[in-house]
Amino acid sequence: MAENLFGNLVAARRQDLRLTLRKFAALAEMDAGNLSRIERGVAAPPQAEEVLARMADALALALGTPERERFVDLAVTANGRIPTDLMADDEVMASLPLLFRTLRGAPLTEEKLERLVDAIRTS
């Protein structure tokens, strides 16, 4: 089973803010039972952007910060999807097959690696 990165992040952040599960649920306008299942990795993160936004707001993750981006990215990837901003970038999308092959252990030339790094840095 895949590691529960999203649920662990939510639980740790909530605890750092000293929010009970019920208080967090009230702030995020969600069911406490569902949030508990998400934190434990029993349920997948929500897919709806508005639900993720309410959760991020309740966790005091400000818009445009790396912390909020990581929060959204972990939720999206836990659901087997690619973040929307990356999907909209043609250059990044063209580089994904190379990334997938690399992750699967296929050899990568230095030139291809440099192109991949450049594409990631500019996105």
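What counts and what doesn't
- Residues numbered from 1 in each chain as written.
- Predicted model: local features only at pLDDT ≥ 70, side-chain atom pairs only at ≥ 80, totals over all residues.
- Heavy atoms only, no water.
- Patch = residues over 30% accessible without salt bridge, like charges linked within 9 Å, V, L, I, M, F, W, Y side chains within 5 Å.
- Areas by Shrake-Rupley, 256 points an atom, 1.4 Å probe, with all protein chains shown as cover.
- Salt bridge = Lys/Arg side-chain N within 4 Å of Asp/Glu carboxyl O.
- Helix = DSSP H or I, 4+ residues; strand = E, 2+ residues; numbered from the N terminus.
- Buried < 20%, exposed > 50% of the residue type's maximum accessible area, 1.4 Å probe, protein only.
- Core = buried A, V, L, I, M, F, W, Y, C linked by side-chain atoms within 4.5 Å.
- Contact = heavy atoms within 4.5 Å.

Q: So what's going on with a nonpolar patch on the surface? Residues and values would help.
A: A cluster of nonpolar side chains, namely Ile-82, Met-87, Phe-100 and Leu-103, defines an oily patch on the protein surface of about 370 Å² accessible area. Within the secondary structure, Phe-100 sits in helix H7 (residues 90-103). We classify Phe-100 as partly exposed; its relative accessible area is 36%.

Q: So what about the nonpolar core? Which residues, and what values?
A: Ranked by internal contacts, the top residues of the largest apolar core, which has 20 residues, are Phe-6, Val-10, Phe-24, Met-30, Leu-35, Met-55 and Phe-71. When residues in this core are grouped by element, the largest group, five residues, is from helix H4 (residues 49-58). For Leu-35, the contacting residues outside a window of four places in its chain are Leu-21, Phe-24, Ala-25, Met-30 and Met-55.

Q: Describe the pattern of salt bridges, and please don't skip the residues or the numbers.
A: The full count for this structure, using the stated rule, is two salt bridges. The closest approach of N and O atoms between Glu-39 and Arg-14, which form a salt bridge, is 2.7 Å. A residue pair is termed long-range when its members are at least 10 positions apart, and Glu-39 in helix H3 (residues 32-40) and Arg-14 in helix H1 (residues 5-16) qualify at 25 residues. For the pair Glu-39 and Arg-14, a shared accessibility class is recorded, and that class is buried. Between Arg-68 and Asp-57 there is a salt bridge; the shortest N-O distance is 2.7 Å. You can see Arg-68 sitting in helix H5 (residues 66-78) and its partner Asp-57 sitting in helix H4, a full 11 residues away along the chain.

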